[in-house]
Structures are given as C-alpha cells and as structure tokens.
Amino acid sequence: MSPLRRYVLSVLCVPLLACSCFAAGDIVLGDLAGVRPTWQAAGGNNLVASWGSFDAPWAIYFPGPFSYGAAPDSASLSVTGNITIACWAKFLPTTSVRRLVYKRNAVSGYDFATSTGHKLQFAVYWSGTVLSYNTSSTSIDDNNWHHCAGVFNSATRSVSVYVDGLKETGASLSSATNMLDITNAVYLATSGGSTWGFTGSVDEVAIWQRPLTSNEIFALASATQYISSGSITDSIVALWHADEGSGSTASDFSGLGNPITLFSGATWTNGIVPIP
C-alpha cells in the first residue's frame, strides 16, 4: 500500500509589472503533478507555477479490542518524576476505559487513557493507589482526530490534560509523590496485551521527561507539528512518528532506541501529521 500524495503549488516570483489585475475566473490550474498550471492575467500576461508534492502521513491503526503495540522497558522509559505524554488519537465511540499509553504495575506507573465518560484522563500511581489524575471535560471518542496530552509536574504535584491544545478543567486529585522505577513495558492501546484496548488510530506519539508548557502543547496541536528538532525535543525519551506504513515496527526517533512492536492485527492507516 503506497502512501497518499498531497500536491502543492510553487509559484515563480515575477516582477509586479509583469502582470495586470486579476479578474474572477482567470485562474487556470493544471491537473496534478507533471502539468504546468498558469494564472492568466486580464492583460494577457501569464504567471507560471509548478506542482510539488509530499508524502501524506501514516498512523497506527488498532482494529481492537485485542490489537496493541509494545516497547520493552528501558532506563529512558522508566520515568519516575516529571512527564508529558502527547499524541494524536482517533477513537470510535466507547463506554469503557480505553488505554492510549500505559506503563504501570500494581504499585506504580503512568496511565494515559479515556475514561468511562468518553473523556481524556491521565493518572500517575504510587504505592498501589492513584496519587494524581485529571480528566478532561471534552469528549474525544467521536471518530475524529484529536490532539491529546497529559502532563505530570512533580514540583507542583499536579496533573493536567489537554485536548486539541487547550488545557482542560475537569476533576482532579493532586497528592502525588514521584512514581517508582518499574520494569513493565510501555503499551499502546492496551493495559498489557489483551485488556482495555480500543478501535482507532494513533499518530505522532511522544514521551518527555519534563512537563511541557501550555504554549508548547498548543503549538503541537495547532500546527499538527512533526516533531523533529529544536527545543520541543528537549528531554524527549520516546518519539514514534508511526510513518513506516508497512511491517510490524514503529521506530523510535528520540535516539534512545525504544521501538514499538505491533501485535494482534495492529496495522497502518492514513495519519494526520504531514511528513516533511
């Protein structure tokens, strides 16, 4: 299955005197790649443009309820303090808890999921109990793409959730201490192989060992930003672009070697974040 192609126009810069005023209906475009479209000005002058293209994105698709992805435990994924998890997600409607990104055992860990009320929820655990969580007031299981982010700030002992770049003001509990170092894998779309899965897609999944700012999260959501360089990559510990489009592995572009392996029918579909 080949990736889709998206086409854009590059217009040659010409002196202003080379054309006169445009009238409605004067724009004539060629048909996709290989054709040279022209803008025909009222005075007979033509502006020549050319087509360029880029690969449309891929995403991981989980046909549910038992398909999932997993990355083995590593030192970089065993975050115990500040953490941010962000991704694009597209859910079919559900009435149950469904896991997005999950690394947890009976004692400690982090859990990024939907709640029973169709909301986004992020929780951190210590000593077997939820010590800090926050649930969005916005529903996200409407079969549309949503940017989802969860942030735990160990200094303020608080958890925040963001939907489509905006901080939510749902219910929260803030009595957290740092998490413990556990050896569980990081899972996508499950809490451990065959439970709490979902039908839907994820794209541009990333984990940071720091609390991203509201401005950084808004930028990721509003620009459907492909994470590649600059300050946004500071303290990033996992980055799955999910643009492979074939095979059973999503490579980790953080440089820390945490690939995701797909299981039980998880596959590829059209994504949302453009490939540069």
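Above this text you will find the structure in question.
Residues numbered from 1 in each chain as written. Predicted model: local features only at pLDDT ≥ 70, side-chain atom pairs only at ≥ 80, totals over all residues. Heavy atoms only, no water.

### Overview of the overall build of the protein
No. 1: Across its full length, the protein holds 1 helix and 21 strands.
No. 2: Within the protein, the proportion of its 276 residues that are buried is 45%.
No. 3: Taking contacts inside the protein between residues at least 6 apart in sequence as the whole, the part at least 24 apart equals 66%. (Helix = DSSP H or I, 4+ residues; strand = E, 2+ residues; numbered from the N terminus. Buried < 20%, exposed > 50% of the residue type's maximum accessible area, 1.4 Å probe, protein only. Contact = heavy atoms within 4.5 Å.)

### Details of the side chain of Asp252
No. 1: Along the polypeptide, Asp252 turns up in the loop between β19 (249–250) and β20 (260–263).
No. 2: The buried charged residue Asp252 lacks any salt bridge partner; its closest oppositely charged side chain belongs to Lys103, at an N-O distance of 13 Å.
No. 3: Within polar-contact distance, the side chain of Asp252 engages the backbone nitrogen of Leu239 at 2.8 Å.
No. 4: At 2.8 Å, the side chain of Asp252 forms a polar contact with the backbone nitrogen of Asn258.
No. 5: Apart from the residues lying within four places of it in its own chain, the contact partners of Asp252 are Val237, Ala238, Leu239, Trp240, Gly257, Asn258 and Pro259. (Lys, Arg positive; Asp, Glu negative; His and termini not counted. Salt bridge = Lys/Arg side-chain N within 4 Å of Asp/Glu carboxyl O. Polar contact = N/O pair within 3.5 Å; in protein donor to acceptor, adjacent residues only side chain to side chain.)

### So, helix α1 (residues 214–222)
No. 1: Where α1 is concerned, the buried positions are Glu216, Ile217, Leu220 and Ala221. Down the axis of α1, the buried set is contained in an arc of 130°. They therefore lie on one face.
No. 2: Among the residues trailing α1, Thr224 stands out with phi positive, at a value near 35°. (Arc of directions from axis to C-beta.)

### Some remarks on unusual backbone geometry
No. 1: Look at Ala242: it is not a glycine, yet its phi comes out positive at around 60°.
No. 2: Residue Ala242 is classed as buried on the basis of its relative accessible area of 1%.
No. 3: Unlike most non-glycine residues, Ser264 shows phi in positive territory, near 55°.
No. 4: Its location among the elements puts Ser264 in the loop between β20 and β21 (267–270).

### Brief notes about the environment of Asn144
No. 1: Structurally, Asn144 can be placed in the loop between β11 (129–139) and β12 (145–153).
No. 2: Once the C-alpha coordinates of Asn144 and Leu92 are considered, the two residues, 52 residues apart in sequence, prove to be 8.3 Å apart.
No. 3: Setting aside residues up to four positions removed in sequence, Asn144 forms contacts with Ala89, Lys90 and Phe91.

### Here we look at the pattern of salt bridges
No. 1: Counted according to the given criterion, the structure contains 4 salt bridges.
No. 2: Across the pair Lys103 and Asp73 runs a salt bridge whose closest N-O atoms are separated by 2.7 Å. Remark: Asp73 occurs in the loop between β6 (68–71) and β7 (83–91) and Lys103 occurs in strand β8 (residues 98–104); sequence separation between them is 30 residues.
No. 3: One salt bridge in this structure joins Glu216 and Arg210, with 3.0 Å as the shortest N-O distance. One exposure class covers both Glu216 and Arg210, and it is buried.
No. 4: When salt bridges with common partners are traced through the structure, they connect Arg99, Arg104 and Asp111 into a single cluster.

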